[in-house]
Amino acid sequence: MNQETIQTATTRKKRVFSGIQPTGVFTLGNYVGAVRNWPRLQDEYDCIYSVVDQHAITVRQDPAALRRQTRETAALLLASGIDPKKSIVFVQSHVPAHAQLSWVLGCFCPFGDLTRMHQFKEKSAKHPEDINGGLLTYPILMAADILLYQTDLVPIGIDQKQHLELARNIAQRFNGVYSPTFTMPDGYIPQVGAKVMSLQEPEKKMSKSDSNENAVVRMLDTPDAILRKFKRAVTDSEGCVRAAQDKPGITNLMSIYGVMTGKSFADIEHEFDGRGYGEFKQAVAEAVIETLRPIQEEYARLLADKAYLDSVLTEGAVRADALARRTLSKVYKKVGFLQL
Ligand code: ATP
Ligand code: LTN
């Protein structure tokens, strides 16, 4: 090993990568399951966070809205505590290596692995008029996102676990055919809140693209809207605040309250012993409103400074590009692409 390799091996912090689609204002589910953890990892790891606009076009998007939402998503990530001095924040389409590696990795991914992905099945059922190739190959692009940066840890909600497994399988297959090229990434999935459920249909995941606004709390909702949505949340007729499989509505509210306040299920059951759902829903709403308040204030401040936001994204893209190129160039050599 030369001096540089020894230094890199001993001083390189472990790397974190995650992404979020700019498909609208992100929800409390996105925050609790994923984004909330992103700033927390900044000191211990080298973190890279991406607004994945290329993933977003697997479902038809209005171009002007996509452009606006891309900036807004970046602003909301910064407002949530990601510090661009510590972490790299960039837009996926600004770094061409993602699409380039995705092509190569696609040639190492069996077709059958793609068709059995839950997200593919769900999204093709939801958009039967447009089951396009991108919807099918979506997880290959996600594998490229992760593997390009030699990622150790991927903070995600539980719905993305299957996609991460696919990325690991692709990495293993490529490493096996050639020689070790990609780091094997692990998931970082929270114990509580890994799947925040819809407030209206608590057996379904809370989703950014739900057409029923009452089902979804968004990061930029006003305090009144948040209170109203929690008050209308579907529960059950037992009237007792306790977590149970047959009480998905209350259990979901308890998870949200637990994440917001740091309290365990046992603490919450004790706190609301003998009190009704009305009082509990009010407390959940207030905890969410107070958590979101500073994020919303910071978001408004950041969005007013487009020049700053764009400078963060420009610098992020330059830094991400330099890292991504190294992996891509290794891969191109290994598969036998002529380099002049
Ligand atoms: P869409 O509804 O457009 O498919 P989405 O809400 O699933 O979008 P993504 O941008 O695909 O949002 O996801 C970003 C991150 O948020 C991922 O890590 C995902 O696992 C996490 N996430 C999404 N929904 C939830 C949820 N309801 N609970 C916990 N985590 C979630
Ligand atoms: N597929 C993810 C978003 C995503 C992602 C990634 C997450 C795209 N690339 C890389 C983690 C790592 C989703 O949430 N639907």
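The structure displayed is predicted, hence computed values, not measured ones. (Residues numbered from 1 in each chain as written. Chains lettered and ligands numbered in written order. Predicted model: local features only at pLDDT ≥ 70, side-chain atom pairs only at ≥ 80, totals over all residues. Heavy atoms only, no water.)

Participant: I keep staring at the site of ligand 1 and nothing clicks. Help me out?
Facilitator: As a matter of local geometry, ligand 1 sits amid 21 residues, with Lys123, Asp159, Lys205, Ser207 and Lys208 nearest to it. The side chain of Lys123 places a nitrogen or oxygen atom 2.5 Å from an oxygen atom of ligand 1. Isolated, ligand 1 exposes 600 Å² of accessible area, and the fraction of that covered by the protein chains is 97%. Among the detected pockets, ligand 1 sits in the largest pocket. Take the shell around ligand 1: its biggest share by element is 4 residues, from helix 2 (residues 28-35). Here the residues of the shell around ligand 1 sort into 6 nonpolar, 10 polar and 5 charged. (Near = heavy atom within 4 Å. Polar contact = N/O pair within 3.5 Å; in protein donor to acceptor, adjacent residues only side chain to side chain. Areas by Shrake-Rupley, 256 points an atom, 1.4 Å probe, with all protein chains shown as cover. 1 Å grid on protein atoms, 1.4 Å probe; cavity = no way out; pocket = protein on both sides within 12 Å on 5 of 7 lines; lining within 4 Å. Sits in = over half its atoms within 2 Å of the grid points. Helix = DSSP H or I, 4+ residues; strand = E, 2+ residues; numbered from the N terminus. Nonpolar A, V, L, I, M, F, W, Y, C, P; charged D, E, K, R; others polar.)

Participant: What am I meant to see in the layout of surface pockets here?
Facilitator: Where empty space is left in the structure can be found by rolling a water-sized probe over the atoms. Within this model, the largest pocket holds a volume of roughly 1400 Å³. Every element with two or more residues in the lining of the largest pocket is listed here: strand 1 (15-20), helix 2, helix 4 (53-56), helix 8 (118-126), helix 9 (133-148), strand 4 (153-155) and helix 10 (161-177). Considering every element that reaches the lining of the largest pocket, the biggest residue donor is helix 8, with 5 residues. When the residues that make up the lining of the largest pocket are grouped by side-chain class, the tally is 18 nonpolar, 21 polar and 11 charged. (Points joined across faces, edges and corners; volume = space filled by probe spheres on them.)

Participant: Help me understand the pattern of salt bridges, please; the structure alone is not making it clear to me.
Facilitator: Note on pairing: side chains with opposite charge can pair once their charged atoms come close. Under the criterion given, the structure shown has 23 salt bridges. We note a salt bridge from Glu271 to Lys263, for which the minimum N-O separation is 3.0 Å. Arg275 is the partner of Glu279 in a salt bridge, and the nearest nitrogen-oxygen pair spans 2.6 Å. Taking relative accessible area as the criterion, Glu279 reaches 41% and is therefore assigned partly exposed. Among the residues examined, Arg275 registers a relative accessible area of 32% and is labelled partly exposed. Bridged by salt links that share partners, the residues Glu213, Arg218, Asp221 and Lys229 form one connected network. (Salt bridge = Lys/Arg side-chain N within 4 Å of Asp/Glu carboxyl O. Buried < 20%, exposed > 50% of the residue type's maximum accessible area, 1.4 Å probe, protein only.)

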